[in-house]
Amino acid sequence: MTKTVNIAPSILSADFMHLGADLNDIEEADLLHYDVMDGHFVPNISFGPGILKQVRAHTELLLDVHLMVTNPEEVIDTYIESGADIVTFHVEAAEDPAKLIDRIHAKGVSAGISLSPDTPAEAILPYLADIDLVLVMTVYPGFGGQAFIDAMLPKIQAIGEACAALGRSPMIEVDGGIAPDTIARASAAGADTFVAGSAIFGAADKGARMAELRRLAEGI
Ligand code: DX5
Ligand code: ZN
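Quick notes on the rules
Residues numbered from 1 in each chain as written. Chains lettered and ligands numbered in written order. Predicted model: local features only at pLDDT ≥ 70, side-chain atom pairs only at ≥ 80, totals over all residues. Heavy atoms only, no water. Core = buried A, V, L, I, M, F, W, Y, C linked by side-chain atoms within 4.5 Å. Buried < 20%, exposed > 50% of the residue type's maximum accessible area, 1.4 Å probe, protein only. Helix = DSSP H or I, 4+ residues; strand = E, 2+ residues; numbered from the N terminus. Contact = heavy atoms within 4.5 Å. Pairing = 2+ DSSP bridges. Axes fitted to C-alpha atoms, helices over the stretch in contact; angles between N-to-C directions. Donors = N, O, S within 2.8 Å, 3.2 Å for Na, K, Ca; no water. Tetrahedral: all angles 85-135°; square planar, octahedral: opposite > 155°, others 65-115°. Expected span 1.5 Å × (residues − 1). Arc of directions from axis to C-beta. Polar contact = N/O pair within 3.5 Å; in protein donor to acceptor, adjacent residues only side chain to side chain. Salt bridge = Lys/Arg side-chain N within 4 Å of Asp/Glu carboxyl O. Near = heavy atom within 4 Å. Areas by Shrake-Rupley, 256 points an atom, 1.4 Å probe, with all protein chains shown as cover.

Asker: What's the story with the nonpolar core in this structure? I'm lost.
Answerer: Proteins that are soluble and globular tend to have nonpolar side chains buried together. Ranked by size, the top nonpolar core spans 68 residues in total, and within it Ile11, Tyr34, Leu67, Val134, Ile159 and Phe194 carry the most contacts. Per element, the largest residue contribution to this core is 5 residues, and it comes from helix α5 (residues 153–166). When residues no more than four places from it in sequence are discounted, the contact partners of isoleucine 11 are Phe16, Leu19, Leu23, Leu32, His33, Tyr34, Phe47, Val55 and Phe201. Counting residues in each nonpolar core, the second largest holds 8 residues, with Ile86, Leu133, Met137 and Val139 among its members.

Written as structure tokens, this is what we have:
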């Protein structure tokens, strides 16, 4: 049986002077990954709700919003109103993750929880019963184009096992350094949803690269 996987291009690596054309090239994606960076939680600034609204108007793809911000409580409503289908916040930033998950769900949107490389799996286990997606960072958040951290593989596996023990199957998403030479390892560890920025937008044929990634992730 072929494993079902989701490919999520990260538009952080898109050509912002031709964003519409880049979006047209990735119509075969399952999710569109939208990285929000505030210059505080991470040392970089990306884009906010205004551009999300324009992206929403341009594409039918599910919008997977990854909030790398220190104050998710204050901004989730704006991102939901701007078109997010999934809102993922960092466990390191949330004051009360359970409450945040409830607030996201109350708006009819899926909720994700993310953990940075130095945060152990245990930090998110209390939320597995309620969450729709777990985002395991496989680089230090903040920038595209970094190398995949292999030491995250056991964490992906531990989270997958904890989900199975609870009889739950949230999406297990990996983000950072996902490319043809790393995706099979992440998939074998238990990830089913794969964010890729530079590997997709840096390819001459983005559709072919997505198909290649999908085949490698499915083929484990
Ligand atoms: C990094 C972002 C990623 C980034 C991934 O903080 O969360 O989504 O765009 O870029 P690549 O795939 O190039 O590592
Ligand atoms: Zn991301």
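Asker: It is not clear to me how the sheet that holds strand β1 (residues 6–9) should be interpreted in this structure. Could you clarify?
Answerer: Whether parallel or antiparallel, the strands of a sheet pair through hydrogen bonds between backbone atoms. Ordered by their spatial adjacency, 8 strands build an open sheet running β1-β8-β7-β6-β5-β4-β3-β2, and the pairing between neighbours is parallel. Each of the sheet's edge strands pairs with one partner strand only, and the pair in question is β1 and β2 (31–37). Each strand axis lies, on average, 25° off the axis of its neighbour in the sheet, ignoring direction.

Asker: I tried to follow the coordination of the zinc ion (ligand 2) on my own but got confused; where do I start?
Answerer: Put simply, the ideal angle at a metal is 109.5 degrees for four donors in tetrahedral geometry and 90 or 180 degrees for six donors in octahedral geometry. Each protein donor to the zinc ion (ligand 2) is listed here as His33 (NE2), Asp35 (OD), His66 (ND1) and Asp175 (OD); together their distances run 2.0 to 2.3 Å. Every donor counted, the 6 donor atoms about the zinc ion (ligand 2) form angles of 69 to 170° at the centre, which fits octahedral coordination. We classify histidine 33 as buried; its relative accessible area is 0%. With a relative accessible area of 0%, histidine 66 lands in the buried category.

Asker: What is the right way to read helix α8 (residues 206–218) from this model?
Answerer: Residue pairs three or four apart in sequence face the same way in an α-helix, which turns once every 3.6 residues. Between its first and last C-alpha atoms α8 spans 18 Å; for 13 residues at 1.5 Å apiece the expected length is 18 Å, and the two agree. For α8, the complete set of buried residues consists of Lys206, Met210, Leu213 and Ala217. Across the axial projection of α8, the buried residues extend over an arc of 60°, all falling on one side. In the core, the buried residues of α8 are packed alongside β1, α1 (19–24), α6 (183–189), β8 (193–196) and α7 (198–201). Its side-chain oxygen 3.2 Å from the backbone nitrogen of glycine 207, aspartate 205 forms the N-cap of α8.

Asker: Just checking my understanding: could you explain the pattern of salt bridges for this structure?
Answerer: One side chain can pair with another of opposite charge once the charged atoms of both are near each other. Within the structure shown, the criterion is met by 8 salt bridges. Across the pair lysine 206 and aspartate 25 runs a salt bridge whose closest N-O atoms are separated by 3.3 Å. Note that lysine 206 is positioned in helix α8 and aspartate 25 in the loop between α1 and β2, a separation of 181 residues in sequence. By relative accessible area, lysine 206 is classed as buried at 12%. A salt bridge links glutamate 212 to arginine 209; its shortest N-O distance comes to 3.0 Å. One end of the pair, glutamate 212, and the other, arginine 209, are both in helix α8, 3 residues apart, so they sit about a helical turn from each other. With a relative accessible area of 25%, glutamate 212 lands in the partly exposed category. Counted as one network, the salt bridges with shared partners bring together Asp22, Asp25 and Lys206.

Asker: Sorry if this is basic, but what is going on with the site of ligand 1 here?
Answerer: By nearness alone, 20 residues border ligand 1, and Asp35, Gly142, Asp175, Gly197 and Ser198 come closest of all. Histidine 66 places a polar side-chain atom, nitrogen or oxygen, 3.3 Å from an oxygen atom of ligand 1. Here an oxygen atom of ligand 1 and a backbone polar atom of glycine 142 are 2.7 Å apart. In isolation ligand 1 exposes 380 Å². Once the protein is present, 100% of that is buried.

Asker: How should the environment of alanine 208 be read in this particular structure?
Answerer: Looking at the element boundaries, alanine 208 is found in helix α8. For alanine 208, a relative accessible area of 40% gives the class partly exposed. C-alpha of alanine 208 to C-alpha of glutamate 28: the two residues are 180 residues apart in sequence and 9.8 Å apart in space.

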